[in-house]
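Coordinate analysis (summary)
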Amino acid sequence: MTSDPARLWRIPPEADLRHREWDGEHVFFHGAAGDTHRFSDAASLILLRLMEAPTDESSLASLLSEAAETEPAEAVAALANILTELANLEYAEPVA
Amino acid sequence: MKLGDLSLAQLRQRLADNDLALRTGPFVTRIQSPILQVAEGLLRLYAEFPLDTGEFRDFHVRVGPPSGLRRWLRPQINFWYDDHSPFKPLPANHAFALLEWGLNWCVAGHAHHYLMLHAAVLEKNGRAVVLPGDPGAGKSTLTAALMLSGWRLLSDEITLVDRDDGLLVGLARPVSLKNASIDIIQRAFPDAVIGAPAYDTHKGTVAHLKPSADSVARVGEKARPAWVVFPRWREGSTARLSPHSRADALLHTASHAFNYSLLGGLGFELNAALMDACTCHDFEYSNLDDALRVFAELAA
């Protein structure tokens, strides 16, 4: 999936995500699928933001860049991988 | 009235008449069986358990010979829940073990008003330890040794988490010992009461250990979770606890639970609350005395 700074992402409404963090490790429960996953710090950061509200890719990349103290271009590339993973697992989706 | 108040003849009659309702923790099971081994096993291992006189039974089970020509060719037994038989017939001398497996199946398949984790659980000084463990990890041996050393057994197989308060609910049924662990426990605890072994089962040799009187008497007391410990028997290892991540403990217990996904978000919340309440550890051991010392220090 090519990146699009303006594209809005959200948690699928039916996902009913739940989250816990212990000692820096993040676990999420996908209510619709009944699956539990442990995600990286970066993916968890994105998910937690999306759980607050739908967010565009540009804002998500900035969030990642600030948190990881990386160059924006690097964050954009990392974000694309994260969003692809989250979309495959149906934890996140672009808003049509 | 306790089951042990019955003579063997009286017990056999009640089992034959479908007139035995056994209370094990929150569950009442009506048991029917014409098999002597079942009566002997119940009398030996469930003597302290109360018989129930109420009208409601959670489970209606039967252990007996299957019908048909096969029963005359090779003595076998089967287990029925109502009129449903979830297992294949087994050799006749597996009757008591089959009853135990059947009772586990009843709880694991139906008691969805609890979160049910595949783990042993014991309590000491008001705090409970949950022991998940892969087959062969030494969970049952450690569970038996802890119970015989004064820990209160809640369950050796199914950890019941109360959905209302997150506390752990006891069953206090016999501990299933397998293969070498039978002799290990009998040698370490000569007074332990162990039932007749069933040989050549799909788990090898299986024998059941009678729960302690204290475990049965206090089965109604829920326990507050304090530790999740993943035991691992490894020859020559020194008994020691080491930290285990809570996230991993949740993923492990969830993937080995009987009804985690079925309960949806509630299953996650209950399991997560369990981890919130506990410290999680790996525990490697090779010597029971050393293992018991480490657990005594843990509970002190």
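Note: the structure precedes this text.
Below: a short report on this structure. Quick caveat, the model's predicted, so the values are computed rather than measured.

1. Some thoughts on the interface of chain A and chain B
Listed by partner, the interface residues are 12 residues for chain A and 16 residues for chain B. Carbon and sulfur atoms supply 61% of the area that chain A and chain B bury against each other, a total of about 1300 Å² over both sides. Of all residues in chain A, the largest losses of buried area upon contact with chain B belong to Arg-20, Trp-22 and Phe-29 of chain A, amounting jointly to 46% of the total for that side. Applying the counting rule to chain A against chain B returns four salt bridges. Where Arg-38 of chain A meets Asp-248 of chain B, a salt bridge forms, and the shortest distance between an N and an O atom there is 3.4 Å.

2. Structural notes on empty space enclosed by the protein
All names here are of chain B. Under the defined criterion, the tally for this structure stands at one cavity of 30 Å³ or more. Considered as a void within the structure, the largest cavity measures approximately 60 Å³ in volume. At the level of secondary structure, the elements contributing two or more residues to the lining of the largest cavity comprise β1 (20–24), β2 (27–32) and α4 (95–110). A breakdown of the residues in the lining of the largest cavity according to their chemical character gives six nonpolar, two polar and one charged.

3. Structural notes on the sheet that holds strand β13 (residues 204–209) of chain B
What links the strands of a sheet is backbone hydrogen bonding, and the strands pair in either a parallel or an antiparallel sense. Residue and element names in this part refer to chain B. Spatial strand order, β11-β13-β12: three strands in an open sheet with antiparallel pairing. With partners counted over all chains shown, the strands left at the sheet margins are β11 (175–178) and β12 (198–201), one partner each. Sheet twist, expressed as the mean angle between neighbouring strand axes with direction ignored, is 35°. As defined by bridge partners, β11 adjoins β13 across four bridges and the pair is classed as antiparallel. Bridging from a neighbouring strand, Val-175 pairs with Leu-209 of β13.

How each quantity is defined
Residues numbered from 1 in each chain as written. Chains lettered and ligands numbered in written order. Predicted model: local features only at pLDDT ≥ 70, side-chain atom pairs only at ≥ 80, totals over all residues. Heavy atoms only, no water. Contact = heavy atoms within 4.5 Å. Buried area = accessible area lost by both parts, 1.4 Å probe. Salt bridge = Lys/Arg side-chain N within 4 Å of Asp/Glu carboxyl O. 1 Å grid on protein atoms, 1.4 Å probe; cavity = no way out; pocket = protein on both sides within 12 Å on 5 of 7 lines; lining within 4 Å. Points joined across faces, edges and corners; volume = space filled by probe spheres on them. Helix = DSSP H or I, 4+ residues; strand = E, 2+ residues; numbered from the N terminus. Nonpolar A, V, L, I, M, F, W, Y, C, P; charged D, E, K, R; others polar. Pairing = 2+ DSSP bridges. Axes fitted to C-alpha atoms, helices over the stretch in contact; angles between N-to-C directions.

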